[in-house]
Every structure is written in C-alpha cells, then in structure tokens.
Amino acid sequence: MAGWNRYNFLQLFLASSLLLISVECRCYYNCGTKNEIPFPKEGHVPVSNGCGSYGFSFKHEDFDFEPCCDVHDECFDYCNKSKWRCDEAFKTCLMDVCDRAVGTAKQREECRTSAEMMHQMSANFGCPAFLSSQELACECRSPTDEEREEFRAERRKQRKEETSSRKRAKKPKKGPKRRTRKSKV
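In this report, the structure presented in the accompanying data block is examined. The model shown is predicted, which means the values in this text are computed figures rather than measured ones.

**Here's the deal with the overall build of the protein**
Within the protein, the regular secondary structure consists of 6 helices and 4 strands. Element order for the protein, N to C, with α for helix and β for strand: α-β-β-β-α-α-α-α-β-α. Counting every position in the protein, which comprises 185 residues, the buried fraction comes to 34%. In the protein, the share of contacts with a sequence separation of at least 24, taken over all contacts with a separation of at least 6, comes to 81%. Approximately 13200 Å² of the protein is accessible, and the part contributed by carbon and sulfur atoms is 54%.

**Focus on the nonpolar core**
Counting residues in each nonpolar core, the largest one holds 15 residues, and the members touching the most others are Cys51, Phe63, Phe65, Phe90, Leu94, Ala115 and Met118. Elements represented by at least two residues in this core include exactly helix H2 (66-76), helix H3 (83-100) and helix H4 (105-125). Take this core: its biggest share by element is 5 residues, from H3. Setting aside residues up to four positions removed in sequence, phenylalanine 65 forms contacts with Cys51, Phe58, His60, Leu94, Val97, Cys98, Cys111, Ser114, Ala115 and Met118.

**A few points about unusual backbone geometry**
Unusually for a residue other than glycine, asparagine 80 sits at a positive phi of about 70°. As for its placement among the helices and strands, asparagine 80 is situated in the loop between H2 and H3.

**Some details on H3**
Taking 1.5 Å as the rise per residue, H3 with 18 residues should run 26 Å; its terminal C-alpha atoms sit 26 Å apart, in good agreement. Listed in full, the buried residues belonging to H3 are Lys83, Trp84, Cys86, Asp87, Phe90, Leu94, Met95, Val97 and Cys98. Along the axis of H3, the buried residues cluster in a sector spanning 165°; they form a single face. Projecting away from the buried face of H3 at angles above 90 degrees are the exposed residues Asp99 and Arg100.

**Section: the state of the cysteines**
Taken as a whole and assessed by the stated rule, the structure comprises 7 disulfides. Disulfide pairing places cysteine 68 opposite cysteine 93 at an S-S distance of 2.1 Å. On the sign convention where negative is left-handed, the bridge of cysteine 68 and cysteine 93, at about -80° about the S-S bond, is left-handed. A residue pair is termed long-range when its members are at least 10 positions apart, and cysteine 68 in helix H2 and cysteine 93 in helix H3 qualify at 25 residues. For cysteine 93, a relative accessible area of 25% gives the class partly exposed. Disulfide partner of cysteine 75: cysteine 86, at an S-S distance of 2.0 Å. Looking along the S-S bond of the cysteine 75-cysteine 86 disulfide, the torsion reads about -80°, which is the left-handed sense. Of this pair, cysteine 75 sits in helix H2 while cysteine 86 sits in helix H3, placing them 11 residues apart in sequence. You can call cysteine 86 buried: its relative accessible area is 1%.

Calculation notes
Residues numbered from 1 in each chain as written. Predicted model: local features only at pLDDT ≥ 70, side-chain atom pairs only at ≥ 80, totals over all residues. Heavy atoms only, no water. Helix = DSSP H or I, 4+ residues; strand = E, 2+ residues; numbered from the N terminus. Buried < 20%, exposed > 50% of the residue type's maximum accessible area, 1.4 Å probe, protein only. Contact = heavy atoms within 4.5 Å. Areas by Shrake-Rupley, 256 points an atom, 1.4 Å probe, with all protein chains shown as cover. Core = buried A, V, L, I, M, F, W, Y, C linked by side-chain atoms within 4.5 Å. Expected span 1.5 Å × (residues − 1). Arc of directions from axis to C-beta. Disulfide = S-S within 2.5 Å.

Below, the structure written as structure tokens:
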C-alpha cells in the first residue's frame, strides 16, 4: 500500500483496539498486606525510557513528544502518584506540543490525533507499566495511625477527582442556547 507507514498502521491498530475495548481501569498501587502501605523508597531516582514501554518505541517524524513522555514516565516513577493525574498531565503536555506546532491546520490536526492516541494508549493500557514503576519507587511498611489516615485521605481524594472527571467526560456537551422570541400579547 503506497503511502502507508508504521504511523498509519499504529493509528489503525489503536483505533480498532479502542473501539473493541473500553477499559475503565482504576489503577492504584497497593501493598500485599492490609497492614502495610507504600512509602517512597529512600534514594530512589525516577527514570524515563522515552515514548514507549516494554520494547515498543514511538517517535513521530514531525512532532517532538519526547519531553512529555519523559515527564510522564517520571510521574509514574514517584511513589503514590495517581496514574490518572499522570495521564491527564501527559495529555495536556502533548496537546501543548500540538498547539505550539508550526504548520498547516492539517498538520496540527495530525499532531492532535497522534497526541490523543498516545494519551489513550497510556490511559487504557498503561496500568502494568505504572504498577511496575510504583513497585520500584515504593517500599511497603506498617504506618503510624496518622500516616495511614493521610494515605487513605489522599486515595479518597484521588478516586473522587478521577470519578468526577470521568462523569464530566461522559456527559453530552450542550450546544449554544437558542433564543426564543416572546410572542406579543
């Protein structure tokens, strides 16, 4: 097929996958026992592997998404970060790259399509990478009562924020209000 490249096949694969699978994954790192909670591992330094994981690498020929991928990877690699917050910041960064992209409207639209697909890949399929990073960044231990309550409060806050955002995203957008003429009596 003339004109098709890896990018086109990736788009087709992702679009098909997202149509077939609608994942509502809530991804949180937890310790193996109820008595322990995750704490940042002393001396751990967050790392990045660029755009991709598990041997898959994505580089766009026209747009430099690499800094966004690096920040996203490092976000995953901080103990007790919310995957959802990392993914939302990733999407914002990707869209900012597209908004700053110089070129035609068609090129900006291609950029935004690529950015949205990258975000959706992470949001829907990135839980294993997130959990793997959290396992390296965290150590599990028994908390004090105060630490346990702080941890629970933060998790509740994360879940509430994620749930309300998902509800907003599912609501149909209202169009502009139409004016109606008042009849003269």
